[in-house]
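# Results of the structural survey
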Amino acid sequence: MPRIAFNFVRSVGKAHSLHKYNCRLCCGNVRHFASQDSSGKDEPPTNSKSPSDNEVDAIPERLSPDNKAATLPAPKISLDLLRRRQAQKKDQEQVEKFITPEIYPPMGRRSKILDYLERQDCFKRRMVMDIPEFYVGSILAVTMADPHANGKTSRLVGICIERKNYGLGASFKLRNVIDGQGLEVLYELYSPLLHKLEVLKLEKRTDAHLLYLRDALPEYSTIDPDMIAIKHPPGRPVPVNDIVVKMKPRPWHRRWERYELKGLDVSGVSQSRMATVQDHILPEYKKMDLLMMYPRYDITEKDRMRIEREWEVHQNELERTAKKGS
Amino acid sequence: MATSWCLTSMRNSLLKVVKFSVIQGRNTQIGENFVQRLKACTCSHLIQHRSYYDNTLTSENQKFVYQWNLLKHQFGPSPLKDSPWPRQDWKPGSKRTGLIAVKLGMYPMWTKSGKKFVTTALQIQDCNVIRYVPPDIAPGDDQTGKNAAIEVGAKNASPLYMDKGLTHKFHDACVPLKQRTVLFYVTENSAIQPGTPLYATHFRPGMYVDCCGKTIGKGFQGVMKRWGMKGQPASHGQTKTHRRMGATGGGGSPGRIWKGKKMPGPMGNKWRWTRCLKIWRINTRHNIIFVEGNVSGSKGGFVKIKDSLNNRFENDPPPFPTHYPEDGDALAEELYDEDLHEMLQESVAFEEEEEEER
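Below you will find a few notes about this structure.

Criteria and cut-off values
- Residues numbered from 1 in each chain as written.
- Chains lettered and ligands numbered in written order.
- Predicted model: local features only at pLDDT ≥ 70, side-chain atom pairs only at ≥ 80, totals over all residues.
- Heavy atoms only, no water.
- Pairing = 2+ DSSP bridges.
- Helix = DSSP H or I, 4+ residues; strand = E, 2+ residues; numbered from the N terminus.
- Buried < 20%, exposed > 50% of the residue type's maximum accessible area, 1.4 Å probe, protein only.
- Polar contact = N/O pair within 3.5 Å; in protein donor to acceptor, adjacent residues only side chain to side chain.
- Contact = heavy atoms within 4.5 Å.
- Buried area = accessible area lost by both parts, 1.4 Å probe.
- Salt bridge = Lys/Arg side-chain N within 4 Å of Asp/Glu carboxyl O.
- Nonpolar A, V, L, I, M, F, W, Y, C, P; charged D, E, K, R; others polar.
- Core = buried A, V, L, I, M, F, W, Y, C linked by side-chain atoms within 4.5 Å.

This part takes up the pairing of strand β10 (residues 271-283) of chain B. Residue and element names in this part refer to chain B. Bridge count for strand β7 (residues 208-214) against β10 is 6 bridges, and the pairing is antiparallel. Directly across from Y208, in β10, lies its bridge partner K278. Sheet topology note: the β10/strand β11 (residues 288-292) ladder contains 4 bridges and is antiparallel. Pairing of N283 across the sheet is with I288, part of β11.

Here it is, written out as structure tokens:
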């Protein structure tokens, strides 16, 4: 059964306890740390939208060896891998292919065989139930088996505020305001109780998580339960919604001004509080420090390519079975 | 380790003195006796003689020597080359051998009713039977002389880090050197020929097992954490006494502290059994057993597994004395328990109850 939170959140110590969201779990295959890099680029990242740009190029560049901004020593990889990478780049020039974030294992001492088996189980479940592409900020409708509901299924519509965990334990939180009561439900992506996952509106946000919606005005979390799905044209990049949310008066569940979030309006916070914010944020030079990054990015290039290859094989398999069925 | 180093250096320096005198031609007979007595009294049996290779070799030769060291124990007369031992059937009261596994990590699973639970993945890496000890010789926990014993070895070891004195048993069994060996007490009818490989299919989904792993070490701990004693109040006149043991025992009679009195000391870092864990899934390709719940020990650490006492083997006897892959049909890559939801099955749905007719 899903865990339900009614706007009650335990306060977390430091802002950096949520740093894990800056890694891989927010926008799939995109690495957010590259967005802070300002040395090689004239254009500023995500927030400002010039009227000349028809397409919002909010997705930051990959940190590749030929990126002038960061000169890393060329990694030793085989020719085969190099060729595959070059081929991938050609594909990427059109549209960034979505690779689900929960197949990238977290850092730490882990068994590769176990991680592989978990990924295979995830792919097997995806053959039975369609798990579509979605991000934090997308609006979803989840149909789940419920022994106490009429018709034995319950449906919830909400905005995805968080995506967590690796493999079969991967979860996401849906938020909605129903009859004036804020409601958050945690769903496990690979639970056999989930029957259907519909994406009513596919979009991204400027932040890795939207937990601040608990302290924002309820209009930003209210979604119509009878909302009709807005189809996303295939081949188009996923739009980034850079809405800046207005907050309720303080006190908040967390000191959101310390979290470097782009999607909320901290203008109401007093000057004395804003002065302490710099103590809790890493300076720019530290964000680019490779030695600091290294323990977070435990996954080697070889392993990453292998995982992405597994995903490719799975996608091809899905297409094949879909064609057979139709 | 430090003691043995000191002993070696002491012994070597003394031997040099003796050898010098022997070369000089003085007191040869006394010199030889002295060497023998020196060997006896300096506990040379404690000094570890490691197998090592010469660093002056070329890299290719070093590689070859290393690989030779791994294989050299396997070229002897293998006990498996003898005629296979007769395999007896399971009967009530039989005890099978256990296995040694490596703890990989934890894995979530769901039952057919949609309930989530967590399992521990234990991988059987290079398990072999090292030797079989008949009942009359086997030490035995109960010392009744009724139980035989089987020594099982797991996880191939590097020859560079193994005590030479311990390698003889692997040489006799004609298997590679193992990192860990465990003695399991079995009944005579579950004898297995030394050298036989053991696989995860020794167990089956639905069986219950006991797992033994090393608990987390807590270091030197006080009596409240170690034994759960209540301590003393924080205030109301307590002088420097808040987390102490308190009383140690009776008065003049017995006039001493009983042996085994609970006191502060090292806590954790001990082998402990977790009993009656259900096996939900077995991967025959990678030899992984998925066992319900938690098992003591760190990832990559050793775990001893054996049959639990609450198994109902009368209805469904286990592979006895172990699973031999050459017998019978090849098993599927994944073996699941009947209550487990397999990922390729349909989503769990609850059926609508029919209204009772009044």
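Still to come is the rest of the account.
It is worth spelling out the side chain of E257(A) at this point. All names here are of chain A. Within the element layout of this structure, E257 appears in the loop between β8 (240-241) and α3 (271-277). Exposure remark for E257: the relative accessible area of 6% places this residue in the buried category. A distance of 3.4 Å separates a polar atom in the side chain of E257 from a polar atom in the side chain of R250. In this structure, E257 is in contact with R250, W252, V266, V269, R273, M274 and V277, ignoring residues within four places of it in sequence.

Residue and element names in this part refer to chain B. Among the 7 residues that make up strand β3 (residues 127-133), 6 are buried, leaving the element largely enclosed by the rest of the structure. Summarising the sheet, β3 and strand β6 (residues 197-198) pair through 2 bridges and their orientation is antiparallel. Note on β6: the bridge partner recorded for C127 is L198. Relative to strand β4 (residues 148-156), β3 runs antiparallel, the two being bridged by 5 bridges. Across the sheet, R131 pairs through a bridge with E151, a residue of β4.

It is common to report an interface's size as the accessible area lost on association of the parts. On the chain B side, the residues contacting the 25 residues of chain A number 32 residues. Counting each side, the surface lost to burial between chain A and chain B is near 2400 Å², with a carbon and sulfur contribution of 63%. For the chain A face of the interface with chain B, the top three residues by lost area are L114(A), K152(A) and P192(A), together amounting to 24%. In this structure, the connection of chain A to chain B is made through 2 salt bridges. For K116(B), the salt bridge is made with E188(A), and the minimal N-O distance between the two is 3.3 Å. Counting across the interface, chain A meets chain B through 10 residue pairs in polar contact (both at pLDDT 80 or more). Of the residues forming the side of chain A that touches chain B, the biggest block, 9 residues, is contributed by helix α2 (residues 112-128) of chain A. Of the residues that constitute the side of chain A that touches chain B, the class distribution is 12 nonpolar, 5 polar and 8 charged.

Moving on, we come to the nonpolar core. Judged by nonpolar contacts, the single largest core of 59 residues is most densely connected at F172(A), Y187(A), L197(A), Y212(A), L213(A) and W256(A). At 6 residues, strand β2 (residues 139-145) of chain A tops the list of elements feeding residues into this core. Residues L122(B), A148(B), A191(B) and Y324(B) belong to the second largest nonpolar core, which totals 38 residues.

Right, let's get into the sheet that holds β4(B). With respect to topology, 4 strands assemble into an open sheet ordered β5-β4-β3-β6 (chain B), the strand pairing being antiparallel. In this open sheet, the two strands that pair with only one neighbour each are β5 (178-186) and β6 of chain B.

Right, let's get into the pattern of salt bridges. Going through the model one piece at a time under the given rule, you end up with 29 salt bridges over all chains. When the shortest N-O distance is used, the salt bridge between R320(A) and E317(A) registers 2.9 Å. Here E317(A) and R320(A) lie together in helix α6 (residues 301-325), a separation of 3 residues that amounts to about one turn. A salt bridge links R275(B) to D210(B), with the shortest nitrogen-to-oxygen separation between them at 3.2 Å. Here D210(B) lies in strand β7 and R275(B) lies in strand β10, a separation of 65 residues in the sequence. When salt bridges that share partners are traced, they join R85(A), E301(A), R304(A) and E308(A) into one network.

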